[in-house]
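# Examination of the molecular architecture
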Amino acid sequence: MGRPKSTYNPEKDDYVRHARESKVTAEVLAAVLDGAHNYKNPVIRLSVTDAVLHLEEELRQARQGAVMELRELGRSWPEIGKVLGVSRQRAWQLGNGR
């Protein structure tokens, strides 16, 4: 028998649609990469890249918080996995800080 197939379509999700239309991710990453590549002062470039590399734990916590917020909004683990492009098991792991 197995599990019923999910009918969830990320393309119809208002949060997913807004995130893609807003292009915020691309803009933020472009600004970071601009600081890492385009400043004439090599100390600024080094400082930017070093700071970003040290953000790993904060970024993991932010990702976990966003996953758990989607859970609180009623999204299932398979639905969150589809949004992230990962399995439901990996979505659960991310939501639980792993």
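This structure is a prediction, so every number in the text was calculated from the model and none was measured.

### Describing the pattern of salt bridges
- Taken as a whole, this structure holds three salt bridges when the rule is applied.
- Asp14 is the salt-bridge partner of Arg17, the closest N and O atoms lying 2.4 Å from each other. Pair noted here: Arg17 and Asp14 are both in helix α1 (residues 14-22), with a separation of three residues, about one helical turn.
- You can call Arg17 partly exposed: its relative accessible area is 33%.
- Between Glu56 and Arg60 there is a salt bridge, with its nearest N and O atoms 2.6 Å apart. Here Arg60 and Glu56 lie together in helix α4 (residues 56-72), a separation of four residues that amounts to about one turn.
- The class of Glu56 is partly exposed, set by a relative accessible area of 46%.
- A relative accessible area of 37% means that Arg60 is categorised as partly exposed.

### As for unusual backbone geometry
- Phi angles above zero are rare outside glycine, and Lys23 is one such case at about 60 degrees.
- Position of Lys23 relative to the elements: it lies in the loop between α1 and α2 (24-37).

### Notes on the side chain of Glu79
- Take Glu79: it is sitting in helix α5 (residues 77-84).
- Buried within the structure, Glu79 lacks any salt-bridge partner; Arg75 is the closest side chain of opposite charge, at an N-O distance of 4.8 Å.
- Within the structure, Glu79 has its side chain in polar contact with the backbone nitrogen of Ser76 (distance 3.0 Å).
- Those residues in contact with Glu79 that lie beyond four places of it in its chain are Tyr8 and Gly74.

### Focus: the layout of surface pockets
- The computed volume of the largest pocket comes to approximately 790 Å³.
- Taken together, 24 residues form the lining of the largest pocket, with Ala19, Thr25, Ala66, Val83 and Leu84 sitting closest to its centre.
- Looking at the lining of the largest pocket, the elements that each hand over two or more residues are α1, α2, α4 and α5.
- Each residue belonging to the lining of the largest pocket can be placed in one class, and the counts come to 16 nonpolar, one polar and seven charged.

### Concerning helix α3 (residues 42-53)
- Spanning 12 residues, α3 covers 16 Å between terminal C-alpha atoms, matching the ideal 16 Å at 1.5 Å per step.
- Put simply, Asn41 is the residue that caps the front of α3, since its side-chain oxygen is 2.8 Å from the backbone nitrogen of Val43.

Each value, and the rule that gives it
Residues numbered from 1 in each chain as written. Predicted model: local features only at pLDDT ≥ 70, side-chain atom pairs only at ≥ 80, totals over all residues. Heavy atoms only, no water. Salt bridge = Lys/Arg side-chain N within 4 Å of Asp/Glu carboxyl O. Helix = DSSP H or I, 4+ residues; strand = E, 2+ residues; numbered from the N terminus. Buried < 20%, exposed > 50% of the residue type's maximum accessible area, 1.4 Å probe, protein only. Lys, Arg positive; Asp, Glu negative; His and termini not counted. Polar contact = N/O pair within 3.5 Å; in protein donor to acceptor, adjacent residues only side chain to side chain. Contact = heavy atoms within 4.5 Å. 1 Å grid on protein atoms, 1.4 Å probe; cavity = no way out; pocket = protein on both sides within 12 Å on 5 of 7 lines; lining within 4 Å. Points joined across faces, edges and corners; volume = space filled by probe spheres on them. Nonpolar A, V, L, I, M, F, W, Y, C, P; charged D, E, K, R; others polar. Expected span 1.5 Å × (residues − 1).

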